[in-house]
Each structure stands twice: as structure tokens, then as C-alpha cells.
Amino acid sequence: MVLNFVSDYLSYLEIERGLSQNTISAYKNDLFLFFEYFNKINTIEEVKRSHLSEYIKYLGQTHCNPATITRKIASIKGFFRYMYSTCEIKSNPSLSIATPKVSKKLPKVINIDEIEKIFKEKMNLREQAVFEMLYATGLRVSELVELEIKNIDFKNNSIKTLGKGAKERIIPFGKKAKAALNAYFKEREVVLKISTSRKKSQDKAFLNDFGEKITRQWVYTFIRDLGSIINKSISPHTIRHTFATHLLENGADLRVVQELLGHENIVTTQIYTHISKKHLKEVYFAING
């Protein structure tokens, strides 16, 4: 019975809220672990505030990092809030449960000199186009691998993408990214013509040597290997952070950056202002001692 309610809630997150499969999978895992811990609970109405308090205490003893604990609590609170809103329970046991605050670490970014050093590295046409697009648009890796040819507007130098919550946004790109795309697409056409793969994709912008869409893992590995050039551990999300930070350092409005990144809440975007201030301090003290 309990798991049926969990299934209903996950369907709501997917259909009504439009959350990604990765997010839904995390919620599912969090809720299954919660009810597995209280394996004697058979109905939703049996869950009390004391159960949640006990579980939070248990999580603190499992050496989970604070961010993971915060997410697990948020998953549970979201579930009971939904149960209450659909009148499946008469009171919400999670209502007064406080979510522990997590100190936010500043995201890792790459400075301009390091970006230029990476650009000087010899890459093939696909690699160069991928890196140019990540840095020029701040796309999430999932958005990059799903980017379709029809959503690239070469006339207006922009792309259309669907982000979290299936929200559409339009992002401009510059001349260098455009040149890299044009060069790669000539090669892409050749790959498609000779490909015999049943999985080959005419629609996706970035393809592997078999004409199939590139994978998230390929992008992660490629960007990670680029990190060795500047002696840093980096990921596609590092490039996204760098995109946002460099925009703000060059005078972009915070609201514009929020829109380009597809952040629902501007508070999420504001962390990049802290990075910019940190960078300014470093430059100041480097000059003035």
C-alpha cells in the first residue's frame, strides 16, 4: 500500500512537475530507503513526526555528507506534502521538521588563461565543437547530448534547449562556436553517410564515430582529460560554472545569467557573484600586495 503511494508521487513528479529521470530516481531511492528503515509501517497514516526525527538522527550516524542528508529529507518532506495535499493523510508529519542548512562551497571554475590554454590543445572537430558549445552556452551535459540539429539557428547564432522541468530557453553563441559547429557538421555528414549502425541519429547535433548520439559518459571523460592540460580536476559542470562566472565578470546582468542557465530561482545564480568577488580580491591583492 505504502509503495503504491510512492509510485503515485513519482508519477506526479514526472508528469505534473516535469522533473528529470535522474531526479525522480533519486527521490525513489530516498523514499524506498525511508520506508525500508521502518519496515513495520504498513500505512501512510502510521508515520509520525517521531519517525522522521528518528530517521534524521539515523542519517547523521551513517556518515552521509550534509548535502545528501538535506536531499533525503527534502524527498521525504515533498512526499508527505503531496500526500497531505491529495487528502491521503489528515496531517503532515514533516511540517515542523527542519532541514539542516548546508554550507555552500563555491563552484570550481577555470580562469581565462586556463581556457585559452585548453583551446590551444589539439582536438578533433567534434571535440572542439563540443568544448566551444559548452563554454559558449553553459549547457548542462544532458542538454548538450540531446541537442537537435533543428534547434540550432545559424542565422541568429542561437540554440533552443529544454532544461529542467521541460522549460525551454534560447541561448546565443558567438563566432568561434559557430565556426567550430560548421566545421564539425561537414564531418558529421560524412559519418552519417557511411554509418551502418541501427542506432544512428539524423536528429542529434553531436554524434560518435558510428553516427550515434554521443553519451554523457563520453563528454565527462573528454572534459576530464582536458583537465590534465591545466592540472585541474574538471567536469562539464565546471565549464558551465565558468561560463556563468566569466559573463558576470564581464558585466552581464545577474537576471540575464539566470535566464541563460535556466535557473528557476535567482538565489541559485547568486553564488556566481561570490566567485566574481573572490576573483576581484585575488586580482587586487596580486597587484597591490
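Residues numbered from 1 in each chain as written. Predicted model: local features only at pLDDT ≥ 70, side-chain atom pairs only at ≥ 80, totals over all residues. Heavy atoms only, no water.

## Remarks on the overall build of the chain
Put simply, the rule reads: Numbering goes from the N terminus for both helices and strands, where a helix is a DSSP run of H or I of at least four residues and a strand is a run of E of at least two. Throughout, exposure labels follow a simple rule: accessible area from a 1.4 Å probe, protein chains only, divided by the maximum for the residue type, with under 20% read as buried, over 50% as exposed, and the rest as partly exposed. Residue contacts are counted whenever heavy atoms from the two residues lie within 4.5 Å of one another. All accessible-area figures derive from a Shrake-Rupley calculation using a 1.4 Å probe, and residue coverage is judged against the displayed protein chains alone. Asp and Glu are treated as the negative residues and Lys and Arg as the positive ones, with His and the ends of the chain left uncounted. Working definition for charges: the position is that of NZ of Lys, CZ of Arg, CG of Asp or CD of Glu.
When helices and strands are counted, the chain shows twelve helices and three strands. The C-alpha extent of the chain, read off along each of the three principal axes, is 60 × 60 × 30 Å. For the chain, with 289 residues in total, the buried portion stands at 43%. Residue pairs at least 24 apart in sequence account for 58% of intrachain contacts in the chain once pairs closer than 6 positions are excluded. When the accessible surface of the chain is split by element, carbon and sulfur atoms take 52% of a total near 17200 Å². Charge centroids of the chain, computed over 45 positive and 31 negative side chains, lie 3 Å from each other.

## Thoughts on the pairing of strand β2 (residues 158–162)
Our working definition: Only when DSSP finds a minimum of two bridges between them are two strands counted as paired.
Inspection of the sheet shows strand β1 (residues 152–153) paired to β2 by two bridges, in the antiparallel sense. Looking across to β2, one finds that Ile-152 is bridged to Ile-159. As paired elements, β2 and strand β3 (residues 168–172) share five bridges and run antiparallel to each other. Residue Leu-162 lies in a different strand from β3, and its bridge partner there is Glu-168.

## As for the packing of helix α6 (residues 125–137) against helix α8 (residues 175–194)
Rules: Fitted lines through C-alpha atoms serve as axes, helices being fitted only where they are in contact, and the angles separating the N-to-C directions of these axes extend from 0 to 180 degrees. In this scheme the crossing of two helices becomes right-handed for a clockwise turn of the near helix relative to the far one and left-handed for an anticlockwise turn of less than a right angle. In this count, Pro and Cys sit with the nonpolar residues alongside Ala, Val, Leu, Ile, Met, Phe, Trp and Tyr, while Asp, Glu, Lys and Arg are called charged and the others, Gly among them, polar.
Put simply, α6 and α8 touch, their axes get as near as 8 Å, and they point 150 degrees apart. For the pair α6 and α8, the sense of crossing is left-handed. Here α6 contributes Leu-125, Arg-126, Gln-128, Ala-129, Glu-132, Met-133 and Ala-136 to the contact with α8, which in turn contributes Lys-176, Ala-177, Ala-180, Leu-181, Ala-183, Tyr-184 and Glu-187. Split by residue class, the contact of α6 with α8 holds nine nonpolar, one polar and four charged.

## A closer look at the packing of aromatic side chains
Here the distance between the centres and the angle between the planes together describe a pair of aromatic rings. The condition that has to hold: Any pair of Phe, Tyr and Trp rings, taking the six-membered ring for Trp, is counted once the centres come within 6.5 Å. Such a pair is stacked with planes under 30 degrees apart, edge-to-face with planes over 60 apart, and tilted for the rest.
Summed over the entire model, instances satisfying the criterion amount to 24 aromatic pairs. Consider the rings of Tyr-9 and Tyr-82, whose centres lie 5.3 Å apart with planes at 40 degrees: the pair is tilted. Placement of Tyr-9 in helix α1 (residues 2–15) and of Tyr-82 in helix α4 (residues 66–85) is noted, with a sequence separation of 73 residues between them. Classification of Tyr-9 as buried rests on a relative accessible area of 3%. Overall, Tyr-82 belongs to the buried group, its relative accessible area being 18%.

## A few points about empty space enclosed by the protein
As a reminder of what qualifies: Think of a 1 Å grid over just the protein atoms. A cavity is a set of points where a 1.4 Å probe fits yet cannot get out, a pocket is an open set with protein on both sides within 12 Å along at least five of seven lines, and lining residues have an atom within 4 Å of a point. Grid points are joined across faces, edges and corners, and a volume is the space filled by probe spheres set on the points.
This model, assessed by the stated rule, comprises one cavity of 30 Å³ or more. Approximately 40 Å³ is the volume attributed to the largest cavity. What lines the largest cavity is Leu-52, Tyr-55, Ile-56, Ile-73, Ile-76, Lys-77 and Ile-97. Across the lining of the largest cavity, the residue classes tally to six nonpolar, no polar and one charged.

## Some remarks on helix α10 (residues 236–249)
We apply this condition: The span one expects for a helix is its residue count, reduced by one, times 1.5 Å.
The terminal C-alpha atoms of α10, which comprises 14 residues, lie 20 Å apart, in line with the 20 Å expected from a rise of 1.5 Å per residue. In the stretch just after α10, Gly-251 is the one whose phi turns positive, near 95 degrees.

## Things to note about α4
If you check α4, its first and last C-alpha atoms are 28 Å apart, about what 20 residues at 1.5 Å a residue would give, namely 28 Å. Among all positions of α4, only Ile-69, Thr-70, Lys-72, Ile-73, Ser-75, Ile-76, Lys-77, Gly-78, Phe-79, Phe-80, Tyr-82 and Met-83 are buried. The secondary structure elements touched by the buried residues of α4 are α1, α2 (21–37) and α3 (49–61). Within two residues after α4, Cys-87 carries a phi angle of roughly 65 degrees, on the positive side.

## Observations concerning the confidence of the model for the chain
What counts, and what does not: Per residue, pLDDT captures the predictor's confidence, and it can take any value from 0 to 100.
Of the residues in the chain, 91% reach a pLDDT of 70 or more, and the chain-wide mean stands at 87. Within the model, the stretch residues 283–289 combines pLDDT values under 50 with one contact to residues more than four positions away or in other chains.

## Focus on the layout of surface pockets
Estimated volume of the largest pocket: approximately 2300 Å³. Elements represented by at least two residues in the lining of the largest pocket include exactly α2, α4, α7 (141–146), β2, α9 (216–227), α10 and α12 (266–288). The residue makeup of the lining of the largest pocket, split by class, is 16 nonpolar, 18 polar and 15 charged.

## A look at the side chain of Thr-269
How we decide: Side-chain atoms alone can form a polar contact between residues adjacent in sequence; in general such a contact is a pair of N or O atoms within 3.5 Å, and within protein one must be able to donate a hydrogen while the other accepts it.
Inspection of the secondary structure assignment puts Thr-269 in helix α12. You can call Thr-269 buried: its relative accessible area is 0%. Polar contacts involving the side chain of Thr-269 include one to the side chain of His-263, which spans 2.8 Å. Not counting residues within four places of it along the chain, the set of residues in contact with Thr-269 comprises Leu-254, Val-257, Gln-258, Leu-261 and His-263.

## A few points about the nonpolar core
Going by this rule: Nonpolar cores are built from buried Ala, Val, Leu, Ile, Met, Phe, Trp, Tyr and Cys residues. Side-chain atoms within 4.5 Å join them into one set.
Among the nonpolar cores identified, the biggest contains 47 residues, and Phe-131, Leu-144, Phe-206, Ile-223 and Leu-226 are the most heavily contacted of them. Mapped by element, the contributors of at least two residues to this core are α5 (112–119), α6, α7, α8, α9, α10, α11 (254–261) and α12. Residues within four places of Phe-131 in sequence aside, it is in contact with Ile-115, Ile-118, Phe-119, Met-123, Phe-222, Ile-223, Leu-226 and Ile-239.

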